[in-house]
Every structure is written in C-alpha cells, then in structure tokens.
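# Overview (structure and organization)
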Amino acid sequence: MADLRSVPCWFFQLWIFSLVEGHHYRCVTRVDLKKKRESFSRRIESRLCSLPGESQRTCTDGLGKGEEVEASLPVLGLAPCDLSLILRAECGGLSSENTTCLWIGSSVGLFIFNLANFELEAVLHYKDFRSLSIQVAGSCAVKSKAGDEKAICLLTSLFGRKIAMLEIHVAVLVRSQQRHNAGRDLSVLPRAHVLSTSPLYFRRAEKTRAAVKDQPLVFHSQVRSSGYASTPKEYPLESSPPVKVHKQRVLAHGPAAASCIQYSGDGQWLACGFANHLSLVFRADLTGTPAVFSGHDGAVSTVCWSHDGRRLLSASQDGTLRLWSLRRAELVLCVGRDVFSKPVGSAQFYYIDTFILLSSGPELQLLTYHVDTCKDEIQRCVVCPSVPCLCTVGGALFLTGLSVNRVGTDLVLAAGRNRTLEVFDLNAGRSAAAILEAHSRPVHQICQNKGSSFTTQQHQVYNLFATTATGDSIKLWDLRTLRCERCFEGHPNHGYPCGIAFSPCGRYVASGAEDRHVSTAVACFLVFSRETLDSFLWKLFNVVAHEDKNLF
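No experiment lies behind these values; they were computed from the predicted model shown. (Residues numbered from 1 in each chain as written. Predicted model: local features only at pLDDT ≥ 70, side-chain atom pairs only at ≥ 80, totals over all residues. Heavy atoms only, no water.)

### Let's talk about the pattern of salt bridges
Quick reminder of the rule: Between Lys or Arg on one side and Asp or Glu on the other, a salt bridge is scored when a side-chain nitrogen of the former is within 4 Å of a carboxyl oxygen of the latter. Strands are runs of DSSP state E lasting at least 2 residues, helices are runs of H or I lasting at least 4, and numbering of each runs from the N terminus. Each residue gets one of three labels from its accessible area relative to the maximum for its type: buried under 20%, exposed over 50%, partly exposed in between, using a 1.4 Å probe on protein chains only.
Counted according to the given criterion, the structure contains nine salt bridges. Between Arg483 and Glu121 there is a salt bridge; the shortest N-O distance is 3.0 Å. Linking Arg483 in strand E31 (residues 483-488) with Glu121 in strand E7 (residues 119-125), this pair joins segments that are 362 residues apart in sequence. Here Arg483 and Glu121 have matching classes, each one buried. With a shortest N-O distance of 3.8 Å, Arg328 and Glu330 are connected by a salt bridge. Through salt bridges that share partners, Lys36, Arg43, Glu119 and Lys475 make up one connected network.

Below you can see the structure in the form of structure tokens.
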C-alpha cells in the first residue's frame, strides 16, 4: 500500500493513484464516499436488527442517517490509520497490507477507510455527540500512532470561532460496528456427517445394491496399468502467469459468441457453450474435430463436467437442462419447463455427481438421477423438494449467481438480484449467513478456489472466493470472516458481464474485460498474485491485454 497515493476531493470523493514504476501515476479507482457511507449505514442497521433481543426494535435510525442529503460533503483531511491489532484480533490471519487504513475527516464526521478493499471500517458522526459544540466542521486534523488504541481529532467550527478536541478509542469504535462472530463456524470443508433430515441424505446405494448381481471377474489379454509407478504431473506453483497466446482457433463462424467455457477435471478436454445454441467439446490443445452437442433452442449459458469426466451438463436460455454422454455424443436427459417454474439460470454437478444443483428463479433445487452404467441412459429421474431461496432482505426475485466447491462441501453460495450474497447450508437445509450490498450492482458470477488434481493447496485457501458485477470491481472474500479482503479495479466492464476464474494453483485470478478505447473486439485479462499460501493476501500483479478479432 506504500505505492498508492490518496487525494481528497471537495465533493466527498477519494481518488487513489498508483505510484508503481511504469504505471505513470494512473488512477487506480475513484471512491464516492457518500455512497459508501449510505451502504455502510444500511449494513450496520441490518446487523443491529439481527442481534439477539433486537427483533422488536424499529430499525430506522441508522438508515435515516445514511440517507440524509447534504449540500456538500467536503473531505477536509487525510491521515494514516493502523488497524492491524484490532482486525487481527477480530478476523485473524490478516497482515499489515490488509489492515492499512485512512482516517478521512469531513465536515460531518470521521471515517476509517480500508485501502485493501476500498470499504469503510467505521463511521463517527459529530452530531451523535450531544456534548460536542461543533456539528459542522470547517477543518479537521487526526493523529494516531501505529499500535495505539486511541486517536486524537482536532476540529474547528465552520460557523463560528470554536475549537474542539476528540479522543477516540479506535478499538471500541471499530468493534461496535463490526459483525460479531461472522462466519467463524463456516468452512468449505464439511465438519459434520450428513443429517438424516438433510436434503443431501439419499439412500441410493441401498436401493440399487439389491439389483446388482455377482458377475465373474475376467482379465483380458491387456490390463491397463494403475499408474502408481509413474510420476504424477504437478502444476508448477511458482511459475509466472501466461502472457502469450499459445494457440488460437475460430470456435464458431458468424456472430456466435462463446458464453461459457470449462476444462474437464483431468485437463484433457475443453467444453464451450455458444449463443448459437450449440455446445462444443475440444481437445485441450484445440486440435482435431470437436464433438458437437445440439438441441437447445436458446443460447447456452452454462456447461459443467461431471466428476468422472464422462458426462456434460448444459443449461440454456430456453429454460431447459440437458445431460449429455461424452462417449456416445448424445443426449441422455432433458428436463424442461414442466419441472421448473422459472428458467434455469445456472447448474452444476454436486456431491460427486450425486445431485445436480441448479437455480430456477428465486429457488435452489436439487435434482437426483440415476444412470444405468451398462446402457448409459437414464433409468429414473426424481426431483427432490427444492431448497427455497432465503434472500428475503430486499426481496430477491431471481438468483443471478450460484457456486459450490467440489470438495464435498455442504455450503452453497448464491447471489440475488437485490445485490445480496447468501451462504446456504444444505446439510441443515437453511441459510447460514448473508452479505448485504456485496456490490453496487447485482453479482453475475461467484467464483470459488476449487483447486486442481494436479496441485496441492492448504485447506484454508478453499475458503476464498471472488465475485464480480457489471460496472463494479472484482472482490475477494473470505468465507470464515465474510469480509471483502481485497478489491481489484482497472478492468473495463461497463455493459457486458465479464467472467472471472481462479488458476489451478490458486495464485491468480483471470478476468475478462471490455475496452471502449479500442474499436475492435478485445480480450483483456487482469492477473492478480497472492504473496504466499499462508497469508491469503493479494496484490495487483500484472495487466496483460491481447487483441484478437477471431476469439469470439
């Protein structure tokens, strides 16, 4: 954070510039502190209403403060603020880079602004102190030492000859406005067995075991090696991110954009969904003739590989869900509007291919199925009772994002049109946590660090996930704290929902972008690097832009 410089603005805006060599003092981001304050006030009010004993309280005071309209909200001064001791005690595992903050003095109050995630940590309004003679300040100066729990603020009145000095207990101020014990019981890795009342409890094995008959074991002339004697391929953890195009290929002729793309678990195949209603499966090196899967009547919005890599799942804007066999390149299951009340937004295999998890309107649904491994066709298809969307704050009528890790987790992340992120515990069948106003616009993608079979990561790293929204930044979250740990700016995405993805090693995040300064189609990738696997801290690493008219 030593390479960032903040400049105050009279209209309550903060401009942050990069002083890194080669960046030419470019503006990293511009923060509207008035909107940040309003959003912060609403989040604080919702937390107070959710505390025990506060259910009968009329929660309007904090919201009213956030919605007051001032003629101007000038920034009067900036000062460094160190919250390392406070945030480490509350959240744990945060380094000094994630706790570097600013005191922002304005005419109406003091604000603690985090330079890592561009969010407010605490707000102090002058009018909340009845004994304070100054309600509107004309100048402000703040001084605090690193590691000191107190700060001194000197104010002068805008209307009169008054001077006041405030002694602020920083730890008390911050802790009073933070969410208590948020996410501390949450983890991607399951901690309990599946409950008998859980939607995940499914006795398929007992029902099908009786139908399986003993068969003689026959060894053919050639037996494939198990591979234990060979050296497994490992993903190079310390390698730099790719910056050059290895190979390119025209995926579709005509105006047919690639709307989704995913590698198989073994890295051998690449599935692509297109706006021309087709799904194609290529070899990973883009050689040979791709397998074509047709049948949708709308643009393909989601493609997903099964855990064993033998089947492909696709969802389309026509409202149908289709399951394909890779061996025969044919359709084995089609579920349409007669099953789902709303169009399918996204879908993926879940619980090692036991379920298909999907979003339909405001609901999460689990689809159970059984495949006859001999005939490779669906014998039966049963829809479990849907898990209702509990994003009731703001009344989300549609889920815009869905993600679940493939490590056998019970937790599912969902985003609503009301800009809320919600964590569902499918083992308990309820909502476990919610993050209000995660972005300034609805989140269109949630991306989790799902790891890879070619590399090993520490188990804590799987609790990281990223979100993105059109016209907003990329945010990196920690499931254990439910905090935005880092915010990444600089990729133009004003009108098109650009996607994001973690690298297999978990050290980088790639993001698509649009560049309005270039008239041709541009594929631009932002690459972010994490310093170490232990610290879970991220910094802007490099910006790589590549222009290719034949990409889409």
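### With respect to the sheet that holds strand E25 (residues 411-416)
Within a beta sheet, neighbouring strands are joined by backbone hydrogen bonds and run either parallel or antiparallel to one another. Defined as follows: At least two DSSP bridges between two strands are needed for those strands to be called paired. In this analysis an axis means a line fitted to C-alpha atoms, helices contributing only their contacting stretch, and an angle means the value between N-to-C directions, from 0 to 180 degrees.
In space, the four strands of this open sheet follow the order E24-E25-E26-E27, with antiparallel pairing throughout. Each edge of the sheet is formed by a strand with only one pairing partner; in this case those strands are strand E24 (399-403) and strand E27 (430-435). Neighbour-to-neighbour, the strand axes of the sheet open up by a mean angle of 25°, direction not taken into account. In terms of strand pairing, strand E26 (residues 421-425) meets E27 through five bridges, oriented antiparallel. Following the sheet pairing, Phe424 is matched in E27 by Ser431.

### Concerning the nonpolar core
Put simply, the test is: Residues enter a nonpolar core if they are buried and are Ala, Val, Leu, Ile, Met, Phe, Trp, Tyr or Cys, with the set joined through side-chain atoms within 4.5 Å. Any two residues whose heavy atoms approach within 4.5 Å at even a single point are treated as in contact.
Counting 27 residues, the largest nonpolar core has Leu83, Trp103, Leu110, Ile112 and Leu155 as the members making the most contacts within it. With four residues, the single largest contributor to this core is helix H4 (residues 170-176). Beyond its immediate stretch of four places on either side in the chain, Ile112 contacts Cys81, Leu83, Cys101, Leu102, Trp103, Glu119, Leu120, Glu121, Ala122, Val170, Leu173 and Val174. Core analysis: the second largest hydrophobic core is formed by 20 residues, Leu14, Leu33, Phe40 and Phe118 among them.

### A short note on the side chain of Asp425
What counts is decided by this rule: Lys and Arg are tallied as positive, Asp and Glu as negative. Neither His nor the chain termini are counted. Polar contact is defined as a pair of N or O atoms within 3.5 Å, subject to the rule that within protein one atom must be able to donate a hydrogen and the other to accept it, and that residues adjacent in sequence are counted only when both atoms are side-chain atoms.
Here Asp425 shows up in strand E26. Nearest to the buried, unbridged Asp425 among oppositely charged side chains is Arg430, at 4.7 Å. At 3.1 Å, the side chain of Asp425 and the backbone nitrogen of Asn427 are in polar contact. Beyond its immediate stretch of four places on either side in the chain, Asp425 contacts Asp410, Leu411, Arg430 and Ala432.

### Observations concerning the packing of aromatic side chains
A ring pair, where both rings are aromatic, is described by two values, the distance of the centres and the angle of the planes. Using the following cut-off: Working definition: a ring pair exists when centres of Phe, Tyr or Trp rings (six-membered ring for Trp) sit within 6.5 Å. Plane angles under 30 degrees give stacked, over 60 give edge-to-face, the rest tilted.
This model, assessed by the stated rule, comprises six aromatic pairs. Centre to centre, the rings of Trp15 and Phe17 are 6.4 Å apart; their planes meet at 25°, and the pair counts as stacked. Phe17 sits in the partly exposed class, given a relative accessible area of 22%. Taken together, Tyr350, Tyr351 and Phe355 form an aromatic cluster joined through their ring pairs.

### Topic: empty space enclosed by the protein
Filter applied, for reference: Space inside and on the surface of the protein is sampled on a 1 Å grid over the protein atoms alone, with a cavity defined as a set of points where a 1.4 Å probe fits but cannot get out and a pocket as an open set with protein on both sides within 12 Å along at least 5 of 7 lines; lining residues have an atom within 4 Å of a point. Grid points are joined across faces, edges and corners, and a volume is the space filled by probe spheres set on the points. Basically, the charged four are Asp, Glu, Lys and Arg, the nonpolar ten are Ala, Val, Leu, Ile, Met, Phe, Trp, Tyr, Cys and Pro, and anything else, Gly included, counts as polar.
Within the structure shown, the criterion is met by two cavities of 30 Å³ or more. Roughly 40 Å³ of internal volume is contained in the largest cavity. In terms of residues, the lining of the largest cavity owes the most to one element, E26, which gives three residues. Among the residues making up the lining of the largest cavity, the classes are represented as six nonpolar, no polar and one charged.

### What to know about the confidence of the model for the chain
In plain terms, the rule: The pLDDT value expresses, per residue, how confident the predictor is, ranging between 0 and 100.
When pLDDT is averaged along the chain, the result is 75; 72% of the residues meet or exceed 70. The low-confidence segment residues 204-212 (pLDDT under 50) makes six contacts with residues lying over four places distant or belonging to another chain. Across residues 516-552, confidence stays below pLDDT 50; counting only partners more than four residues off in sequence or on other chains, it has 96 contacts.

### Observations concerning a nonpolar patch on the surface
Just so we agree on the cut-off: Think of a patch as exposed residues, more than 30% relative accessible area, with no salt bridge, where like charges cluster within 9 Å and nonpolar side chains (Val, Leu, Ile, Met, Phe, Trp, Tyr) cluster within 5 Å. Only the protein chains shown count as cover for residues, and the accessible areas themselves come from Shrake-Rupley with a 1.4 Å probe.
Together, Ile152, Leu154, Ile163 and Met165 give the surface a local cluster of nonpolar side chains, amounting to about 420 Å² of exposed area. Counting only elements with at least two residues in the nonpolar patch, the list comes to strand E9 (150-157) and strand E10 (163-169). Along the polypeptide, Ile152 turns up in strand E9.

### Some remarks on the sheet that holds strand E6 (residues 109-114)
With antiparallel pairing, four strands are arranged side by side in an open sheet as E4-E5-E6-E7. The sheet is open, and its two edges are formed by strand E4 (75-82) and E7, each paired on a single side. Recorded for the sheet is a direction-independent mean angle of 20° between the axes of neighbouring strands. Of the pairings in the sheet, the one linking E6 to E7 comprises six bridges and is antiparallel in character. Opposite Ile112, over in E7, you have Ala122 as the bridge partner.

### Comments concerning the pairing of strand E30 (residues 474-478)
Among the five residues that make up E30, five are buried, leaving the element largely enclosed by the rest of the structure. Side chains of E30 alternate between two faces, with Ile474, Leu476 and Asp478 and Lys475 and Trp477 buried alike. Pairing of strand E29 (residues 464-469) with E30 involves five bridges; the strand directions are antiparallel. Paired with Leu464 across the bridge in E30 is Asp478. Counted between consecutive antiparallel strands, the loop separating E29 from E30 contains four residues, among which Gly471 sits at a positive phi close to 80°. Relative to E31, E30 runs antiparallel, the two being bridged by five bridges. Its bridge partner being in E31, Ile474 is matched across the sheet by Phe488. Taking the residues between adjacent antiparallel strands as the criterion, E30 and E31 are bridged by four residues, where Leu482 takes a positive phi near 55°.

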